[in-house]
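Overview (structure and organization)
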Amino acid sequence: MSEAKSSSHKWAAGSATPPSTPLSLFVGYSLQLSLVACWVGGFASPAFAYHWYKTKNSLALSIYAAVIASGYVFPSSYTGSPALKEFYMRYIFLPFKSSQRRFKYLPDKSSPGIVLYHPHGMFSWGFANGGAWNDFYYTKGFQGLVASSLLHAPGFRLLFVKLLGGINSAEKDELVGKMKKGESFGLIPGGFHEASISHPGTSRVFLKNRKGFVKYALQHGFSLVPVYTFGESSTYWNAPGLWSLRWKLNDNKLPAILPFGRWWFPLLPRPVDLNTIGGEPLKLPKIEKPTKNDVDMWHTAYILHLKKHFDTYKKEFGGLEADSELEVW
């Protein structure tokens, strides 16, 4: 692990955070909307395509087909535009009340690791804030792994997977392939299930039965690096309840959320303090064939490690009371 400087708003090529002017805020809102629209539109696009087909809207279908095709024309070696990444990172977080990311340790080739982002939230703003689009990650070829259903969603694939880069599939083959090569990567282990339980005023992670990442880390001797984003759960209100139905949708790689952000445009996140804080790595031994007891033991160890990380920074970066606890679902 290499030690990273603890800094607020660390930008590539020595650029600085732009001043908060009406124009820069408009750009920020537009970039936030582009992420949310691609995320939501990607999942809703089959329904739109069916409607356009039934109504014989050939123009809309042609544009839809072009957007899909454009996400696959880039060569596999293309890793995105650094200039576009810098532009996004300079402006997309301006509409928040405040935004910062701090990492003490970053994985490297000599000591690879999985950077685990918590919580998922509605649209994973913390993952964007402290993930693959940051200069100190993409300059090292770091990638964040996401659900394959999102990876291939029209619009999202073109803009955030190809043009911005730094995103790949969280499917087993891709994940294991990276670990065999000793490549570190980012992951949101709670997935869509964790998005479902997100709600303002709560601190929740969906980890009780998420043990696959621990098994793979043991098999390849990877460290586990916790990252917690304080404020993520408050970016949107989300309807609670109907868990059984939502779990079924989540099990089929479909989100089950009802987000409500800003009152004047509910798809935009609320202006919260968004603080993405990386912790120290939990170093795991290399066990090529870990037993169930091995996985359970180190899974428990990681949850305790994450709770300790949460407790260490909850007051400073989350404004939470001393008795606030991290809920593990």
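The following refers to the structure shown.

Analysis parameters
Counting restarts for each chain, with residues numbered from 1 along the sequence as it is written. Selection of residues for local features in this predicted model requires a pLDDT of at least 70, selection of side-chain atom pairs for listing and counting requires 80 or more, and totals for whole chains, interfaces and linings are taken over all residues. The side-chain quantities take in all heavy atoms of the structure and omit both hydrogens and water. Exposure categories follow from relative accessible area, calculated using a 1.4 Å probe and restricted to protein chains: below 20% of the type maximum is buried, above 50% is exposed, and the middle band is partly exposed. Counting from the N terminus, the helices are DSSP H or I runs at least four residues long and the strands are E runs at least two residues long. Residue contacts follow a heavy-atom distance rule, with two residues in contact if any of their heavy atoms lie within 4.5 Å. What makes a patch is a set of residues exposed beyond 30% relative accessible area and free of salt bridges, joined within 9 Å when like-charged and within 5 Å when nonpolar (Val, Leu, Ile, Met, Phe, Trp, Tyr). With residues, only the protein chains shown are counted as cover, and all accessible areas are computed by Shrake-Rupley using a 1.4 Å probe. For this analysis, a salt bridge means a side-chain nitrogen from Lys or Arg found within 4 Å of a carboxyl oxygen belonging to Asp or Glu. Whether two strands pair comes down to DSSP finding at least two bridges between them. Only the stretch in contact is used when a helix axis is fitted, and all axes are lines through C-alpha atoms; the angle between N-to-C directions ranges over 0 to 180 degrees.

We now examine helix α7 (residues 156-163). In terms of residue burial, α7 counts as a mostly covered element, since 6 of its 8 residues are buried. Residues of α7 that are buried: Phe-156, Arg-157, Leu-159, Phe-160, Val-161 and Lys-162. On its buried face, α7 sits against α1 (22-54), α3 (82-91), α6 (148-151) and β6 (167-169). Note on α7: the residue one or two positions beyond its end, Gly-165, has a positive phi of about 75 degrees.

Next up on the list: a nonpolar patch on the surface. Taken together, the side chains of Leu-33, Val-40, Trp-237, Leu-258, Phe-260, Trp-263, Trp-264, Phe-265 and Leu-267 make up a nonpolar region of the molecular surface, amounting to roughly 880 Å² of accessible area. Here Leu-258 falls in the exposed class, since its relative accessible area comes to 53%.

This part is about the sheet that holds strand β12 (residues 273-278). Taken together, 7 strands build an open sheet; the order of strands is β2-β12-β9-β4-β7-β5-β6 and the sheet is mixed. Two strands bound the open sheet, and with one partner strand each, they are β2 (98-103) and β6. For this sheet, the mean inter-axis angle between neighbouring strands, taken without regard to orientation, is 25 degrees. Pairing analysis gives 6 bridges linking β2 to β12, with the strands arranged parallel. The residue of β12 that forms the bridge with Arg-102 is Ile-277. On the sheet, helix α12 (residues 292-318) packs against β2, β4 (113-118), β9 (223-230) and β12 and is oriented at approximately 35 degrees with respect to β9.

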